[in-house]
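# Chains, contacts and geometry: an overview
Take a look at the letters that make up each chain.
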Amino acid sequence: MAIHEAGHAVARLYLGLGVIEQITLDVPEGGGITWRIERHDDSTEERLTAELVATLAGRAAEEVVLGNVAAHCGGQPYSDLALATDLAFRMETTLGFGQKWPLLYRSATDRTLLLAQDPDLADLVHARLESAHGAARAIVSKQKEAVEFLAAHLLNHGTFDGPRLTRILEKVRERLQE
């Protein structure tokens, strides 16, 4: 869990996605990271793709550092895989970034049904996820020292917020590779 949450945090730092407010291993779901957006970025395809990368970075960290992935990465409505799939789906269907029919707004109350009925759409959503996951793995591989450093401190402290978070994130930033 510490490796997983550290992967998310390091990817967010590396990609410049918001301000991290807390990293914890002490929540009912097992762990979590909270952040805020400091400025209102346009929701461009590039920024949303970076969000996909950061969302999948926990899973990527488990793969790169531990060599396997725990089931907590998916299987729940608010899991990383569910959140990433939802964002990739919306990018393809409602946000105007679809590879096929970008101007056609296709809202769906049952995303799973639409994906099952439209294998081409499922392929496009999956391609976005695969690409983002590959980028997340590349970031974690390059920033493995920073991920392991933060994970070790998470194991010792459980939660970082406030001034302690600021201090540890400065130390993590010092370890980031360009």
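That block above? That's the structure.
Keep in mind that this is a model prediction, so the values were computed, not measured.

Before going further, it helps to spend a moment on the packing of helix α1 (residues 2-15) against helix α2 (residues 45-66). Two elements in contact, α1 and α2, have axes whose closest approach is 7 Å; the angle formed by their N-to-C orientations is 135 degrees. Relative to α2, the element α1 lies oblique. Crossing handedness for the pair α1 and α2: right-handed. Contact residues: α1 offers I3, H4, G7, H8, A11, R12 and L15, while α2 offers A50, E51, V53, A54, T55, A57, G58, R59, A61, E62, V65 and L66. Its residues placed into classes, the contact of α1 with α2 shows 10 nonpolar, 5 polar and 4 charged.

As a further point, take the packing of helix α3 (residues 80-93) against helix α5 (residues 119-142). For any two helices packed against each other, one specifies the inter-axial angle together with the distance between the axes. In the contact formed by α3 and α5, the axes pass within 9 Å of each other and the chain directions differ by 120 degrees. By the angle between their axes, α3 is oblique relative to α5. Read as a crossing pair, α3 and α5 show a hand that is right-handed. Residues A84, T85, A88, F89, M91, E92 and T93 of α3 touch α5, and the partners they reach there are L121, L124, V125, R128 and L129. Of the residues belonging to the contact of α3 with α5, the class tally is 8 nonpolar, 2 polar and 2 charged.

Moving on to α5. End to end, α5 covers 34 Å across 24 residues, agreeing with the expected 34 Å (1.5 Å per residue, within 8%). Along α5, the residues that are buried comprise L121, V125, R128, L129, A132, H133, A136, I139 and V140. Contacts made by the buried residues of α5 are with α1, α2, α3, α4 (111-117) and α6 (144-157).

Evaluated as defined, the whole model comprises 0 aromatic pairs. Cation over ring: R12 sits above W35, and NZ or CZ is 3.5 Å from the ring centre. Sitting above the plane of the W101 ring, K100 keeps its charged end 4.4 Å from the centroid.

What follows is about the nonpolar core. With 49 residues, the main nonpolar core has I20, I23, L52, L150 and L154 as its most contacted residues. For this core, the secondary-structure elements that each account for two or more residues are α1, β1 (19-24), α2, α3, α5, α6 and α7 (162-175). Among the elements that make up this core, the one with the highest residue count is α2 (11 residues). Beyond its immediate chain neighbours, meaning those up to four positions away, L154 contacts A2, E5, A6, I23, L25 and F160.

Here the focus is the side chain of D118. Here D118 lies in the loop between α4 and α5. At 4.4 Å, R106 is the nearest oppositely charged side chain to D118, a buried residue that forms no salt bridge. In this structure the side chain of D118 is engaged in a polar contact, spanning 3.0 Å, whose partner is the backbone nitrogen of L121.

Turning to the sheet that holds strand β2 (residues 32-36), a few remarks are in order. Pairing within the open sheet is antiparallel, and its 3 strands lie in the order β2-β1-β3. In this open sheet, the two strands that pair with only one neighbour each are β2 and β3 (159-161). Across the sheet, the mean angle separating the axes of adjacent strands is 20 degrees when strand polarity is ignored. Two strands pair when backbone bridges link them, and β1 and β3 are joined in this way by 3 bridges, in the antiparallel orientation.

Quick look at the pattern of salt bridges now. Oppositely charged side chains are able to pair whenever their charged atoms sit close together. Under the defined criterion, the tally for this structure stands at 11 salt bridges. Residue R36 pairs with E21 through a salt bridge whose shortest N-O separation is 3.2 Å. Taken as a pair, R36 in strand β2 and E21 in strand β1 lie far apart in primary sequence, 15 residues in all. Take R36: its relative accessible area is 37%, and that puts it in the partly exposed class. By relative accessible area, which is 36% here, E21 ends up partly exposed. Across the pair E92 and R128 runs a salt bridge, and its minimum N-O distance is 2.7 Å. Of the two residues, E92 is situated in helix α3 and R128 in helix α5; the sequence distance between them amounts to 36 residues. In this structure, E92 and R128 share a single accessibility class: buried. Linked by salt bridges that have partners in common, R12, R47 and E51 make up one network.

Reading the values: the criteria
Residues numbered from 1 in each chain as written. Predicted model: local features only at pLDDT ≥ 70, side-chain atom pairs only at ≥ 80, totals over all residues. Heavy atoms only, no water. Axes fitted to C-alpha atoms, helices over the stretch in contact; angles between N-to-C directions. Helix = DSSP H or I, 4+ residues; strand = E, 2+ residues; numbered from the N terminus. Parallel < 35°, antiparallel > 145°, perpendicular 65-115°, else oblique. Left-handed = near helix turned anticlockwise from the far one by under 90°. Contact = heavy atoms within 4.5 Å. Nonpolar A, V, L, I, M, F, W, Y, C, P; charged D, E, K, R; others polar. Expected span 1.5 Å × (residues − 1). Buried < 20%, exposed > 50% of the residue type's maximum accessible area, 1.4 Å probe, protein only. Phe/Tyr/Trp six-rings, centres within 6.5 Å; stacked < 30°, edge-to-face > 60°. Lys NZ or Arg CZ within 6 Å of the ring centre and 35° of its normal. Core = buried A, V, L, I, M, F, W, Y, C linked by side-chain atoms within 4.5 Å. Lys, Arg positive; Asp, Glu negative; His and termini not counted. Salt bridge = Lys/Arg side-chain N within 4 Å of Asp/Glu carboxyl O. Polar contact = N/O pair within 3.5 Å; in protein donor to acceptor, adjacent residues only side chain to side chain. Pairing = 2+ DSSP bridges.

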